[in-house]
Amino acid sequence: MVPRGEKRSRPRASAFADELAPMVGVWLRLLNAHVPDASGRCRACTAGGTGVPSEPWPCVIRGMAELARISHSAGAA
Ligand SMILES: [Zn+2]
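From a predicted model like this one, the values you see are computed outputs, not experimental measurements.

J.: I would appreciate a short explanation of the overall build of the protein chain in the present structure.
T.: When you go through the protein chain residue by residue, the secondary structure sums to three helices and zero strands. Along the protein chain, helices and strands appear, N-terminal first, in the series α-α-α. Across the 77 residues in the protein chain, those meeting the buried criterion constitute 21%. When the accessible surface of the protein chain is split by element, carbon and sulfur atoms take 59% of a total near 5,600 Å².

J.: Would you explain the coordination of the zinc ion in this entry?
T.: Every protein donor of the zinc ion is listed here as H34 (ND1), C42 (SG), C45 (SG) and C59 (SG), and their distances to the metal cover 1.9 to 2.3 Å. For the zinc ion, the four donor atoms in the first shell make angles of 102 to 115° at the metal, a pattern classed as tetrahedral. Of note, the zinc ion draws all its donor residues from one chain, in the sequence arrangement H-x7-C-x2-C-x13-C. Take H34 and C42: they sit in the same class, and that class is buried.

J.: Would you explain the side chain of D37 in this entry?
T.: Structurally, D37 is set in the loop between α2 (24-33) and α3 (60-76). One buried charged side chain, D37, makes no salt bridge at all; its nearest oppositely charged neighbour is R43, positioned 5.8 Å away. In contact with D37, not counting residues within four places along its chain, are R43 and P53.

J.: Just checking my understanding: could you explain the nonpolar core for this structure?
T.: In summary, soluble globular proteins display a tendency toward joint burial of nonpolar side chains. Counting six residues, the largest nonpolar core is built from A17, L20, W27, L31, A65 and A68. Listed by contribution, the elements that provide at least two residues to this core are α1 (12-20), α2 and α3. Excluding its chain neighbours within four sequence positions, the residues that come into contact with L20 are V26, W27, L30, M64 and A68.

J.: Sorry, what's going on with the pattern of salt bridges here?
T.: Oppositely charged side chains can pair when the atoms bearing their charge come close. Taken as a whole and judged by the stated rule, the model has two salt bridges. Where E66 meets R62, a salt bridge forms, and the shortest distance between an N and an O atom there is 2.8 Å. Of this pair, E66 and R62 both sit in helix α3, four residues apart, which is roughly one turn of that helix. A salt bridge links R69 to E66, with the nearest nitrogen and oxygen atoms 2.6 Å apart. Linking R69 with E66, this pair stays in helix α3, spanning three residues, or about one helical turn.

J.: Would you explain the environment of F16 in this entry?
T.: Looking at where F16 falls in the secondary structure, it is placed in helix α1. Considering only alpha carbons, one finds F16 and A68, 52 residues apart in sequence, at a separation of 8.1 Å.

Cut-off values and rules
- Residues numbered from 1 in each chain as written.
- Predicted model: local features only at pLDDT ≥ 70, side-chain atom pairs only at ≥ 80, totals over all residues.
- Heavy atoms only, no water.
- Helix = DSSP H or I, 4+ residues; strand = E, 2+ residues; numbered from the N terminus.
- Buried < 20%, exposed > 50% of the residue type's maximum accessible area, 1.4 Å probe, protein only.
- Areas by Shrake-Rupley, 256 points an atom, 1.4 Å probe, with all protein chains shown as cover.
- Donors = N, O, S within 2.8 Å, 3.2 Å for Na, K, Ca; no water.
- Tetrahedral: all angles 85-135°; square planar, octahedral: opposite > 155°, others 65-115°.
- Lys, Arg positive; Asp, Glu negative; His and termini not counted.
- Salt bridge = Lys/Arg side-chain N within 4 Å of Asp/Glu carboxyl O.
- Contact = heavy atoms within 4.5 Å.
- Core = buried A, V, L, I, M, F, W, Y, C linked by side-chain atoms within 4.5 Å.

This is the structure:
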């Protein structure tokens, strides 16, 4: 099934990234926060507020922020 109203068929995640793309400050902050620690886990994605990194890096949020950056540079070009 082809989604209507979209120029390109893209995964649903990138729709959110497109929303995020103009908010440069937001995704820049995400890119700066969601960085790997020494054991390859995301520093920002911690388990239930324990401060213990739980998510393998790159995490979903990092991927989203990367897509937003790509989308932003594509749109600004
Ligand atoms: Zn993360």
